[in-house]
2 protein chains.
Amino acid sequence: MLDVALLGCGGMMPLPNRYLTSLCLRTNGSMMLIDTGEGTQVTMKLLGWGFKNIDAICFTHFHADHISGLPGLLLTIGNSCRSEPLTLVGPPGLGRVAQSLLVIAPELPFDINVIEMEHKKGQTVELCGMQLSAYPMVHRIKCLGYSVYLARAGKFDLERAKALDIPVNFWNRLQKGEIIEHEGRVYTPDMVMGGARRGIKVSYCTDSRPPNGLDDFVRDSDLFVCEGIYGENDKLDKAVEHRHMIFREAAEIASSANVRELWLTHFSPALTQPEAFRANAADIFPNTVIGRDRLSTTLTFED
Amino acid sequence: MLDVALLGCGGMMPLPNRYLTSLCLRTNGSMMLIDTGEGTQVTMKLLGWGFKNIDAICFTHFHADHISGLPGLLLTIGNSCRSEPLTLVGPPGLGRVAQSLLVIAPELPFDINVIEMEHKKGQTVELCGMQLSAYPMVHRIKCLGYSVYLARAGKFDLERAKALDIPVNFWNRLQKGEIIEHEGRVYTPDMVMGGARRGIKVSYCTDSRPPNGLDDFVRDSDLFVCEGIYGENDKLDKAVEHRHMIFREAAEIASSANVRELWLTHFSPALTQPEAFRANAADIFPNTVIGRDRLSTTLTFED
């Protein structure tokens with residue numbers, strides 16, 4: 001089970017009625033944030049999931065609207081009595097940028113680990129019980145798209161466990177992947193576990209022109225959160241100029257990648273009524289949702 | 001005439017219903033901010049005074065709740081098409097701290113001047129058409145209290161100008177302080193201007209124990225904006241521990257300094273109902289106002 005909340009849906013600057021784009025993922029008591037602009041901690045407080053269990057914060061890139069909330073957020077996490085280390089993930093240079101911003105939050109009650117991902121394909125790290133993969137985007141500065149995958153183990157084969165005469169008190173340990181030696185016999189998980197089943201995949205891509213191969217990167221996502229800075233088709237030139245995507249382009253990727261649902265976000269401050277342009281995306285990808293602050297869902301493993 | 005707006009009244013962290021403490025002063029089209037925590041640009045937008053004419057931003061100290069909004073605010077000022085230089089004022093180290101924070105706002109369309117005030121008495125600079133004075137506070141790190149004074153020239157003496165036979169087209173220039181030579185005669189402002197009249201004084205002091213001599217620094221202020229982190233008298237020990245003031249202490253300074261009005265601000269997130277403790281201040285200084293986001297007033301020269 002994976003809880004997902006879009007903490008804000010704005011781009012460029014926080015507005016009175018729109019927080020900056022940020023995604024919160026929660027599974028098994030562990031939380032991951034992607035992007036923390038100015039005010040993310042406030043919408044996070046409104047969400048009500050707490051701060052203490054934020055184990056990782058990922059950054060797409062270092063424009064202020066995606067990272068300026070970091071010092072305040074870390075201080076608030078500190079005030080929630082966290083003492084366990086917290087991991088920051090982002091493009092090359094993250095260590096230097098984070099260190100600069102933390103000049104105003106010099107004393108935190110937890111350690112910070114920094115993982116700098118390269119601006120290239122094929123990188124995955126394990127975080128918060130999920131596989132986090134990064135993909136190079138096409139923006140004015142180095143920017144990464146992310147995809148998280150919550151894996152699901154195979155099904156436990158009760159009949160087979162009985163047939164092989166495996167002691168019942170080993171079943172749970174085998175299910176968790178343990179290899180057990182007992183009275184001269186070796187029990188391995190593959191004796192009782194079926195093949196891995198489909199997990200849950202969420203992708204988050206913002207601040208980019210549509211990169212080559214992004215559809216493969218986000219393929220079959222249960223949820224694809226993607227920027228659409230403008231809703232109007234005739235603002236494509238402006239989007240190209242600023243290295244962003246319009247609604248239609250996000251929908252084209254969603255369609256080509258066979259995702260289940262698309263959430264649009266990172267609206268320009270000039271786009272005051274994003275709902276008015278939903279059809280520009282939905283005509284191409286019907287299951288399009290216009291993002292709003294704290295739009296949330298719970299994704300479950302399929303039956 | 002001086003417009004004053006308390007942009008937020010919170011301390012420590014921004015809350016869904018309370019922005020961080022920040023003061024905006026506007027006179028003759030020029031604006032000065034004191035402190036810019038996370039979200040100050042949003043409450044500033046709600047205030048509706050615009051961003052382009054912010055000529056100076058002052059900082060009491062470098063705790064995140066007083067400065068973390070700087071990069072985002074400067075970018076938003078940049079988006080308002082400002083190209084004139086902007087001045088930052090603060091305690092020693094401001095240049096280094098600002099430079100660190102601006103790692104995420106590297107390209108601004110205006111220059112930034114930095115004035116580092118020493119952590120001692122007796123320093124005044126001219127900014128936004130006002131005299132800005134600083135006073136050393138008593139906090140966990142170096143912190144400054146500020147006082148702004150909008151001076152008022154003497155009254156133009158019409159009868160005297162006529163009696164001295166000063167050409168009418170010189171009157172306005174003399175009023176503005178100009179010395180004029182014309183046909184062998186020298187005209188000086190003191191020939192027609194009375195002595196300086198009472199100006200307007202606003203003081204802003206937060207994040208400090210009550211420093212010795214602060215009453216003299218804020219003496220006769222038209223408006224004294226002062227922290228009161230807790231309303232309860234029995235939270236004095238806690239205020240002492242964290243180097244803050246409670247309502248009663250702010251009121252004692254207001255009373256001793258003969259200010260006209262006291263606005264309390266910088267409430268702890270734990271102080272959800274500051275109004276409930278107003279009497280703890282008002283019993284000592286009756287003209288006490290509990291601060292709220294965007295509490296505003298216009299101070300005028302007295303008749």
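Residues numbered from 1 in each chain as written. Chains lettered and ligands numbered in written order. Predicted model: local features only at pLDDT ≥ 70, side-chain atom pairs only at ≥ 80, totals over all residues. Heavy atoms only, no water.

Undergrad: Residues and numbers for the overall build of chain A, please.
TA: The helix and strand inventory of chain A stands at 10 helices and 16 strands. Since a compact globule built from 303 residues should have a radius of gyration of about 19 Å, the 21 Å found for chain A is in line with a globular shape. Expressed as lengths along the three principal axes of its C-alpha atoms, the size of chain A is roughly 70 × 50 × 35 Å. Put simply, chain A has 303 residues, and 57% of those count as buried. Here the contacts in chain A between residues at least 6 apart in sequence split such that 65% fall between residues at least 24 apart. (Helix = DSSP H or I, 4+ residues; strand = E, 2+ residues; numbered from the N terminus. Rg over C-alpha atoms; globule rule 2.2 N^0.38 Å. Buried < 20%, exposed > 50% of the residue type's maximum accessible area, 1.4 Å probe, protein only. Contact = heavy atoms within 4.5 Å.)

Undergrad: An account of the sheet that holds strand S5 (residues 86-90) of chain A is needed here, citing residue identities and associated values.
TA: All names here are of chain A. Read across the open sheet, the seven strands follow the order S6-S5-S4-S3-S2-S1-S16; overall the sheet is mixed. The open sheet is flanked by strand S6 (112-116) and strand S16 (295-299), the only strands paired with a single partner. Recorded for the sheet is a direction-independent mean angle of 15 degrees between the axes of neighbouring strands. For strand S1 (residues 2-8) and strand S2 (residues 22-27), the ladder comprises five bridges, and the chain directions are antiparallel. When the sheet's bridge partners are listed, Asp3 is paired in S2 with Arg26. (Pairing = 2+ DSSP bridges. Axes fitted to C-alpha atoms, helices over the stretch in contact; angles between N-to-C directions.)

Undergrad: Quick rundown of the interface of chain B and chain A? Include the residues and the values.
TA: Between chain B and chain A, the contact holds 28 residues from the first and 28 residues from the second. Carbon and sulfur atoms make up 72% of the area that chain B and chain A hide from each other, which totals about 2200 Å². By the criterion of area lost to chain A, the three top residues of chain B are Pro16, Glu38 and Ile104 of chain B, representing 27% of everything that side buries. Put simply, chain B and chain A have zero salt bridges between them. Inspection of the region where chain B meets chain A yields four residue pairs in polar contact (both at pLDDT 80 or more). Top contributing element to the side of chain B that touches chain A by residue count: helix H1 (residues 40-47) of chain B, with five residues. Its residues assigned to classes, the side of chain B that touches chain A shows 15 nonpolar, 10 polar and three charged. (Buried area = accessible area lost by both parts, 1.4 Å probe. Salt bridge = Lys/Arg side-chain N within 4 Å of Asp/Glu carboxyl O. Polar contact = N/O pair within 3.5 Å; in protein donor to acceptor, adjacent residues only side chain to side chain. Nonpolar A, V, L, I, M, F, W, Y, C, P; charged D, E, K, R; others polar.)

Undergrad: Tell me about the sheet that holds strand S14 (residues 262-265) of chain B, and please be specific about residues and values.
TA: Residues and elements named next belong to chain B. Reading across from one edge, S7-S8-S9-S12-S13-S14-S15 is the order of the seven strands in this open sheet, with mixed pairing throughout. Both outer strands of the open sheet, strand S7 (123-127) and strand S15 (288-290), are each paired with one neighbouring strand and no more. The sheet shows a mean angle of 20 degrees between the axes of neighbouring strands, direction not considered. Here S7 pairs with strand S8 (residues 130-136) via five bridges, running antiparallel. Along S8, the bridge assignment pairs Gln123 with Ala134.

Undergrad: Could you give an account of helix H6 (residues 168-175) of chain A, with specific residues and numbers?
TA: Residues and elements named next belong to chain A. What H6 keeps buried is the set Phe170, Trp171 and Leu174. One side of H6 holds all its buried residues, which, seen down the axis, span an arc of 120 degrees. Where H6 is buried, its residues meet helix H5 (158-163), strand S10 (180-182) and strand S11 (185-187). Looking one or two residues past H6, Gly177 carries a phi angle of roughly 100 degrees, positive in sign. (Arc of directions from axis to C-beta.)

Undergrad: Can you break down the relation of the copies chain B and chain A residue by residue, with the values?
TA: At an RMSD of 0.1 Å, chain B and chain A line up after a rotation of 180 degrees and a shift of 0.0 Å along the axis. What the superposition gives is, in effect, a two-fold axis relating one chain to the other. (Least-squares fit on C-alpha atoms with pLDDT ≥ 70 in both.)

Undergrad: Before we move on, can you summarise the pattern of salt bridges with the specific residues and values?
TA: All names here are of chain A. All told, the structure shown has 22 salt bridges over all chains when counted by the stated rule. In this structure, Lys120 and Glu118 form a salt bridge, with 3.7 Å as the shortest nitrogen-oxygen distance. Classification of Glu118 as partly exposed rests on a relative accessible area of 44%. Through salt bridges with shared partners, a single network forms among Arg198, Asp222, Arg260 and Glu302.

Undergrad: Run through the side chain of Asp35 of chain A, naming residues and quoting values.
TA: Residue and element names in this part refer to chain A. Relative to the elements of secondary structure, Asp35 occurs in the loop between strand S3 (30-34) and helix H1 (40-47). Within the buried core, Asp35 has no salt-bridge partner, and the shortest N-O distance to an opposite charge, that of Arg140, equals 13 Å. Within the structure, Asp35 has its side chain in polar contact with the side chain of Tyr204 (distance 2.9 Å). When neighbours within four sequence positions are excluded, Asp35 is seen to be in contact with Thr21, Ser22, Thr40, Cys58, Phe59, Thr60, His61, His66, Tyr204 and Thr206. (Lys, Arg positive; Asp, Glu negative; His and termini not counted.)

Undergrad: Could you give an account of the pairing of S14 of chain B, with specific residues and numbers?
TA: Residues and elements named next belong to chain B. The two faces of S14 match: Leu262 and Leu264 on one face and Trp263 and Thr265 on the other face are all buried. Two elements, strand S13 (residues 223-227) and S14, share four bridges in a ladder whose sense is parallel. Bridge pairing in S14 links Val225 to Trp263. Two elements, S14 and S15, share three bridges in a ladder whose sense is parallel.

Undergrad: Help me get a handle on the packing of aromatic side chains, residues and values and all.
TA: All names here are of chain A. On inspection of all chains with the given rule, the structure shows eight aromatic pairs over all chains. On the numbers, 5.4 Å between centres and 45 degrees between planes, the contact of Phe156 with Trp171 is tilted. Of the two residues, Phe156 sits in the loop between strand S9 (144-152) and H5 while Trp171 sits in helix H6, which places them 15 residues apart along the sequence. Taking relative accessible area as the criterion, Phe156 reaches 18% and is therefore assigned buried. The ring of Trp49 carries the charged tip of Arg26 above its face, separated from the ring centre by 4.1 Å. (Phe/Tyr/Trp six-rings, centres within 6.5 Å; stacked < 30°, edge-to-face > 60°. Lys NZ or Arg CZ within 6 Å of the ring centre and 35° of its normal.)

Undergrad: Tell me what's going on with the side chain of Arg18 of chain A, and back it up with residues and numbers.
TA: Residues and elements named next belong to chain A. Topologically, Arg18 is positioned in the loop between S1 and S2. Among buried Asp, Glu, Lys and Arg side chains, Arg18 stands out as unpaired, with Asp293 the closest opposite charge at 6.1 Å. At 3.1 Å, the side chain of Arg18 forms a polar contact with the backbone oxygen of Ser268. Those residues within four positions of Arg18 in sequence are excluded, and the remaining contacts are Cys9, Gly10, Phe267, Ser268, Pro269, Leu271, Thr272, Pro274 and Asp293.

Undergrad: Provide a residue-level description of the environment of Ile253 of chain B, including the pertinent values.
TA: The topology assignment puts Ile253 of chain B in helix H9 (residues 247-256). Not counting residues within four places of it along the chain, the set of residues in contact with Ile253 of chain B comprises Pro210, Leu214, Asp215, Val218, Phe224 and Met245 of chain B.

Undergrad: Explain unusual backbone geometry to me, using residue names and the numbers behind them.
TA: For residues other than glycine, phi is negative in most cases, and the peptide bonds are mostly trans. Even without being a glycine, Asp220 of chain A presents a positive backbone phi close to 60 degrees. One can find Asp220 of chain A in the loop between helix H7 (214-217) and strand S13 (223-227). Relative accessible area serves as the criterion here: at 36%, Asp220 of chain A is assigned to the partly exposed category. The phi torsion at Glu183 of chain B lies on the positive side, around 45 degrees, for a residue other than glycine. Checked against the element boundaries, Glu183 of chain B lands in the loop between strand S10 (180-182) and strand S11 (185-187).

Undergrad: So what about the environment of Glu159 of chain B? Which residues, and what values?
TA: Along the chain, the position of Glu159 of chain B falls in helix H5 (residues 158-163). Through-space distance from the C-alpha of Glu159 of chain B to that of Val192 of chain B is 8.7 Å; in sequence the pair is 33 residues apart.

Undergrad: Any chance you could break down the pairing of strand S3 (residues 30-34) of chain B for me, citing the residues and the numbers?
TA: Residues and elements named next belong to chain B. Across the five residues of S3, five count as buried, placing the element largely inside the fold. Residues Ser30, Met32 and Ile34 line one face of S3 and the alternating positions Met31 and Leu33 line the opposite face, and both faces are buried. Between the antiparallel neighbours strand S2 (residues 22-27) and S3 lie two residues, among them Asn28 with a positive phi of about 55 degrees. The pairing of S3 with strand S4 (residues 54-58) spans four bridges and is classified as parallel. Bridging from a neighbouring strand, Met32 pairs with Ala56 of S4. As a crossover connection, the stretch from S3 through H1 into S4 is right-handed. (Right-handed = clockwise from strand over helix to strand, strands pointing away.)

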